[in-house]
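Next come the chains, spelled out residue by residue.
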Amino acid sequence: MDRISDRIRKAAEIIAKAKHAVVFTGAGISAESGIPTFRGKGGLWEKYDPEEVASISGFMRNPRAFWEFSKDLLVKVKAEPNDAHKAIAELEEMGIVKAVITQNVDMLHQRAGSKKVLELHGSMSYVDCLKCGAIYVWEDIEKIIDNPACKNCGSELLKPRVVFFGEPLPSGILSEAMEESRKCDVFIAIGTSLVVYPAAHLPFMAKDHGAKLILINAEPTDKDYLFDVVIHDKAAPTMKKILEKVKELRG
Ligand code: APR
Ligand code: ZN
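Here's what I pulled together on the structure shown here. Only a predicted model underlies this, so the values are computations on that prediction, with no experimental measurement involved.

What counts, and at which threshold
Residues numbered from 1 in each chain as written. Chains lettered and ligands numbered in written order. Predicted model: local features only at pLDDT ≥ 70, side-chain atom pairs only at ≥ 80, totals over all residues. Heavy atoms only, no water. Donors = N, O, S within 2.8 Å, 3.2 Å for Na, K, Ca; no water. Tetrahedral: all angles 85-135°; square planar, octahedral: opposite > 155°, others 65-115°. Helix = DSSP H or I, 4+ residues; strand = E, 2+ residues; numbered from the N terminus. 1 Å grid on protein atoms, 1.4 Å probe; cavity = no way out; pocket = protein on both sides within 12 Å on 5 of 7 lines; lining within 4 Å. Points joined across faces, edges and corners; volume = space filled by probe spheres on them. Nonpolar A, V, L, I, M, F, W, Y, C, P; charged D, E, K, R; others polar. Axes fitted to C-alpha atoms, helices over the stretch in contact; angles between N-to-C directions. Parallel < 35°, antiparallel > 145°, perpendicular 65-115°, else oblique. Left-handed = near helix turned anticlockwise from the far one by under 90°. Contact = heavy atoms within 4.5 Å. Patch = residues over 30% accessible without salt bridge, like charges linked within 9 Å, V, L, I, M, F, W, Y side chains within 5 Å. Areas by Shrake-Rupley, 256 points an atom, 1.4 Å probe, with all protein chains shown as cover. Salt bridge = Lys/Arg side-chain N within 4 Å of Asp/Glu carboxyl O. Lys, Arg positive; Asp, Glu negative; His and termini not counted. Charge placed at Lys NZ, Arg CZ, Asp CG, Glu CD. Near = heavy atom within 4 Å. Polar contact = N/O pair within 3.5 Å; in protein donor to acceptor, adjacent residues only side chain to side chain. Sits in = over half its atoms within 2 Å of the grid points. Buried < 20%, exposed > 50% of the residue type's maximum accessible area, 1.4 Å probe, protein only. Pairing = 2+ DSSP bridges.

## Describing the coordination of the zinc ion (ligand 2)
The protein atoms donating to the zinc ion (ligand 2) are Cys 129 (SG), Cys 132 (SG), Cys 150 (SG) and Cys 153 (SG), with metal-donor distances spanning 2.3 Å. In this structure, the zinc ion (ligand 2) is coordinated by four donor atoms arranged in tetrahedral fashion, with angles at the metal of 103 to 116°. Sequence spacing among the residues donating to the zinc ion (ligand 2) works out to C-x2-C-x17-C-x2-C. Taken together, the residues span a long stretch of sequence, with Cys 129 in strand β4 (residues 122-129) and Cys 153 in the loop between α7 (138-143) and β6 (158-162) at a distance of 24 residues.

Okay, here's the thing in C-alpha cells:
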C-alpha cells in the first residue's frame with residue numbers, strides 16, 4: 001500500500017495537468033474550522049434527529065428545534081475558512097479549479113475567496129419570514145438566535161434559504177453542478193460521506209465522462225472504489241501539501 005505522501009504526489013500530478021478541475025465538498029472540509037460534521041465520529045446526527053431539526057415538516061412544526069440545532073452548526077463556533085478552503089481558492093486563482101460544488105451552508109468557500117461556488121443545499125446567508133415575507137441577513141438572525149421572531153409580524157417561521165430534507169434542491173444550481181461534473185477532467189471530492197443524493201450522483205457523472213477522481217476524506221466511504229486517488233486524512237493539511245506540490249510542478 002503506497003504511503004500518504006505518494007498519494008499526495010499522485011493527486012498533485014493529476015491536478016497540475018487539469019484543464020477544468022471541479023471540487024465537491026461536504027461537512028468534513030469545515031471540521032477543522034470547528035463546525036461539526038453530520039456523520040462519522042461525533043457527528044450531529046448522533047445528537048439530533050434530522051427529521052425533527054432538518055426536515056421541512058419538522059421546521060414547520062417547530063422552528064425552534066432548527067434554531068437550537070443551528071447554534072451547534074453555525075453559531076457556537078466563530079468559524080473561519082481553513083487551509084483547505086484557502087487552497088481551493090488559490091487553485092481557482094491559478095486557473096485550475098473552475099467551480100466549487102458544496103453541500104455546506106457555512107459560506108466558508110466564499111469567505112476564503114472562491115468565486116464560483118455552487119451551493120447545492122443553499123446557505124444561511126438570507127432568512128425569509130414565511131408569514132409576511134420580510135427578508136433578513138444571517139448576521140441579524142444570529143443576534144436573536146435564542147428567540148428568533150420576525151420584527152415585522154412576530155412570526156417564528158423565519159426560514160433560512162437552506163434545503164431541508166423533503167425539499168427540492170435549487171434546480172438551476174443542481175443542473176449547473178451536473179454540467180460541471182460532466183465537463184470536468186478532474187473531480188476532487190473533499191470531506192463528504194457521499195451518501196446524500198442527488199449530490200452523491202456527481203462523482204459518478206464525472207467518472208462516466210472520463211474525469212480523473214480524487215477523494216480526500218478522514219474515513220473510508222462506500223464510494224472509495226470510484227476514485228483514482230483516495231487519501232484518508234484531514235482536508236486542511238492534505239490540501240495545503242497538494243497545493244505546494246502543484247505549485248512546484250507548475251514551476
Ligand atoms: N477532513 C476530511 N474529512 C473529514 C474531516 C476532516 N478534518 N472530519 C470529518 N471528515 C469526514 C467524515 O469522515 C465524513 O465521512 O467528512 C465526512 C462528512 O460526512 P457528512 O457528515 O455525512 O457530511 P456530508 O457528506 O456533507 O453530508 C451531506 O447530509 O445531513 C445532510 O444536508 C446535510 O449537506 C449535508 C449532507
Ligand atoms: Zn414576518
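## Here's the deal with the layout of surface pockets
What the largest pocket holds in volume is close to 1100 Å³. Per element, the largest residue contribution to the lining of the largest pocket is four residues, and it comes from helix α4 (residues 63-75). Taken together, 13 residues line the second largest pocket, and the ones lying closest to its centre are Leu 74, Ala 79, Asp 106, Arg 111 and Trp 138. Only α6 (108-112) and α7 provide two or more residues apiece to the lining of the second largest pocket. Here the element with the most residues in the lining of the second largest pocket is α7; it accounts for three residues. Here the residues of the lining of the second largest pocket are counted per class, giving seven nonpolar, no polar and six charged.

## A few points about the packing of helix α1 (residues 4-16) against helix α10 (residues 235-250)
Running from N to C, α1 and α10 cross one another at 55°; their axes reach a closest spacing of 8 Å. With respect to their mutual orientation, α1 and α10 come out oblique. Of the two possible hands of crossing, α1 and α10 adopt the one that is right-handed. Of α10, the residues touching α1 (which contributes Ile 8, Arg 9, Ala 11, Ala 12, Glu 13, Ile 15 and Ala 16) are Thr 238, Lys 241, Ile 242, Lys 245, Val 246, Leu 249 and Arg 250. For the contact of α1 with α10, the residue count by class is eight nonpolar, one polar and five charged.

## A word on a positive patch on the surface
Together, Lys 10, Lys 17, Lys 207 and Lys 212 give the surface a local cluster of positive charge. Note on placement: Lys 207 falls in helix α9 (residues 202-208).

## So, the site of ligand 1
The immediate surroundings of ligand 1 are formed by 22 residues, with Phe 38, Arg 39, Thr 192, Ser 193 and Glu 219 found nearest. One nitrogen or oxygen atom from the side chain of Arg 39 is found 2.6 Å from an oxygen atom belonging to ligand 1. In this structure, Glu 219 approaches ligand 1 through a side-chain N or O atom, which is 2.4 Å from an oxygen atom. In isolation ligand 1 offers 730 Å² of accessible surface; the protein chains occlude 93% of this area. In this structure, ligand 1 is accommodated by the largest pocket. Among the residues forming the shell around ligand 1, the class breakdown is eight nonpolar, nine polar and five charged.

## Things to note about the pairing of β6
For β6, the buried fraction is high: four of the five residues fall into the buried class. For β4 and β6, the ladder comprises four bridges, and the chain directions are antiparallel. Bridging from a neighbouring strand, Val 127 pairs with Pro 160 of β6.

## Overview of the sheet that holds strand β5 (residues 135-137)
Taken together, three strands build an open sheet; the order of strands is β5-β4-β6 and the sheet is antiparallel. Strands at the two margins of the open sheet, each flanked by one partner only, are β5 and β6. Ignoring which end each strand starts from, the neighbouring axes of this sheet average 35° apart. In the packing of α4 onto the sheet, contacts are made with β4 and β6, and the angle to β4 comes to roughly 150°.

## A word on the side chain of Asn 217
As for its placement among the helices and strands, Asn 217 is situated in the loop between β8 (212-216) and β9 (229-231). Polar side-chain contacts of Asn 217 include one of 2.7 Å to the backbone oxygen of Glu 219. Ignoring any residue separated from it by four or fewer positions in sequence, one finds Asn 217 in contact with Gly 191, Thr 192, Ile 231, His 232 and Asp 233.

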